[in-house]
Structure formats: structure tokens, C-alpha cells
Amino acid sequence: MIYKAKLIDLKSKKIAIVVSKFNDLIVKQLLAGAQESLEMHGIDTGNIDIIWVPGALEIPMVAKKIAQDRKYDGIVTLGAVIKGDTAHYDLVINGVANGVSQISLSTDVPIVFGVLTTDTLEQAQQRSGAKSGNKGTEAALSLLELINIFDQIKSI
């Protein structure tokens, strides 16, 4: 048997988007892309909850809490970490990526990583709606595919 995601029967799915307030100029564009993608694929706007957190490091903590509550069919994580002159960048991106990965592996809730990690503000702008598309849109679409795959393999 081959299982492939189908973007159908999504209207009743409940989605959480955990969003970092830091670098909000970029993050707001990622969020707009994610919301638009979810709505375009049939998710009712009343079934999309947006949870703002102070910075990227807080994303895993909140994602873990809401995944454990089992209120949502899936979680999108969004943020933007732009490299500065210190090693703080490496600590933040490693902490966020590892945290989100651990949560997604330890729960039955699909979680996707939509946190930009760029060297420059220009790169972040390109990935949040300019030349390189919108990674928020891509993250939301990936989540919908994962939700459908989870639904299909529950019956195996």
C-alpha cells in the first residue's frame, strides 16, 4: 500500500500556530502566509488559534504544552532568527530546532518547524514573501499533509 497526503476533509481540523514576537516584521509575513494557506485549503478560520510567545526559544515550551493538551490536530511553529555578531544565534536555533523536534517525536500531534534561520535581514525578507516565496505558507501546507498522513495511518 502507498500512502500519500490528500488535502481533503480538513474543514473540522483545529490548528495552533505558535509565533515568536521577535523580528515581528518578518514573522507577521510568515503568519499571514500560513493563515492564508490554511484557509485556502479549507480550514475554518475559527479553527485556527494563534499563540504569540516572546521569542523563538519559548516556541518549544508552548508547543509542548498545547501538544500534550491534545486540543489541536496540528501545530505550526513560526519565527525568525537572524544571525548577529555573537554566538547567541547558534544557541537559539539549536535550542528551538531540537526542542520542536523532540516534541514532535514524543507526541502524536503533527508539528512543523517554520522558524527561519538566516544570516541577514534580507535573506529573511526573501523567505517571508519576496523572491523565495513564503516559508510560513510552506510550513502550513506541510502540516496539512502530515495531518492527512496521520489520519490515514491511524487505521493501519
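To be clear, the structure that these remarks concern was listed above.
Conventions adopted
- Residues numbered from 1 in each chain as written.
- Predicted model: local features only at pLDDT ≥ 70, side-chain atom pairs only at ≥ 80, totals over all residues.
- Heavy atoms only, no water.
- Axes fitted to C-alpha atoms, helices over the stretch in contact; angles between N-to-C directions.
- Helix = DSSP H or I, 4+ residues; strand = E, 2+ residues; numbered from the N terminus.
- Parallel < 35°, antiparallel > 145°, perpendicular 65-115°, else oblique.
- Contact = heavy atoms within 4.5 Å.
- 1 Å grid on protein atoms, 1.4 Å probe; cavity = no way out; pocket = protein on both sides within 12 Å on 5 of 7 lines; lining within 4 Å.
- Points joined across faces, edges and corners; volume = space filled by probe spheres on them.
- Nonpolar A, V, L, I, M, F, W, Y, C, P; charged D, E, K, R; others polar.
- Polar contact = N/O pair within 3.5 Å; in protein donor to acceptor, adjacent residues only side chain to side chain.
- Buried < 20%, exposed > 50% of the residue type's maximum accessible area, 1.4 Å probe, protein only.
- Pairing = 2+ DSSP bridges.
- Right-handed = clockwise from strand over helix to strand, strands pointing away.
- Core = buried A, V, L, I, M, F, W, Y, C linked by side-chain atoms within 4.5 Å.
- Left-handed = near helix turned anticlockwise from the far one by under 90°.

(A) A look at the packing of helix α2 (residues 59-69) against helix α3 (residues 88-106). Where α2 contacts α3, the axes come no closer than 8 Å and their chain directions differ by 10 degrees. One way to sum up the angle between α2 and α3 is to call them roughly parallel. Contacts between α2 and α3 pair Ile 59, Pro 60, Ala 63, Lys 64 and Ala 67 from the former with Gly 95, Val 96, Gly 99, Val 100 and Ile 103 from the latter.

(B) Representation of the layout of surface pockets. By volume, the largest pocket amounts to about 250 Å³. Around the largest pocket, the lining is made up of 17 residues, and of these Phe 22, Val 81, Ile 82, His 88 and Val 92 lie nearest the centre. Listed by contribution, the elements that provide at least two residues to the lining of the largest pocket are β3 (74-82) and α3. Of the voids in this model, the second largest pocket is the one considered here, and its volume is about 210 Å³. Around the second largest pocket, the lining residues are Lys 13, Arg 70, Tyr 72, Asp 73, Asp 108, Val 109, Pro 110, Ile 147, Phe 150, Asp 151, Ile 153 and Lys 154. Here the residues of the lining of the second largest pocket sort into 6 nonpolar, no polar and 6 charged.

(C) Broad picture of the side chain of Thr 77. Mapped onto the secondary structure, Thr 77 falls in strand β3. A polar contact of 2.8 Å, which involves the side chain of Thr 77, links it to the backbone oxygen of Val 112. Apart from residues no more than four positions distant in its own chain, Thr 77 is found in contact with Val 18, Ile 59, Ala 63, Val 100, Ile 111, Val 112, Phe 113, Gly 114 and Val 115.

(D) Examining the environment of Arg 70 more closely. Considering the arrangement of structural elements, one finds Arg 70 in the loop between α2 and β3. Under the relative-accessibility criterion, Arg 70 is labelled partly exposed at 48%. When the C-alpha positions of Arg 70 and Gly 55 are compared, they lie 23 Å apart, and in sequence the two are 15 residues distant. Setting aside chain neighbours within four positions, we find Arg 70 in contact with Thr 107, Asp 108 and Val 109.

(E) Representation of the pairing of β3. Within β3, 8 of the 9 residues are buried, which leaves it mostly tucked inside the rest of the structure. Across 5 bridges, the pairing between strand β1 (residues 15-20) and β3 is parallel. Note that in β3 the partner of Ile 15 across the bridge is Gly 74. A crossover connection joins β3 to the parallel strand β4 (residues 111-118) through α3; in handedness this β-α-β unit is right-handed.

(F) Molecular detail of the nonpolar core. Core analysis: the largest hydrophobic core is formed by 23 residues, its most contacted members being Ile 15, Ile 17, Leu 38, Ile 43, Val 76 and Leu 78. Among all residues touching Ile 43, those that are not within four sequence positions of it are Leu 10, Lys 11, Lys 13, Ile 15, Leu 38, Ile 48 and Leu 144. Judged by nonpolar contacts, the second largest core, of 20 residues, contains Val 18, Ala 56, Val 92 and Val 115.

(G) Seen up close, the packing of helix α1 (residues 24-40) against helix α5 (residues 135-153). Running from amino to carboxyl end, α1 crosses α5 at an angle of 40 degrees, the nearest separation of the two axes being 6 Å. For the pair α1 and α5, the sense of crossing is right-handed. Contacts between α1 and α5 involve Leu 30, Gly 33, Ala 34, Ser 37 and Leu 38 from the first element and Lys 135, Gly 136, Thr 137, Ala 140, Leu 141 and Leu 144 from the second. Split by residue class, the contact of α1 with α5 holds 6 nonpolar, 4 polar and 1 charged.

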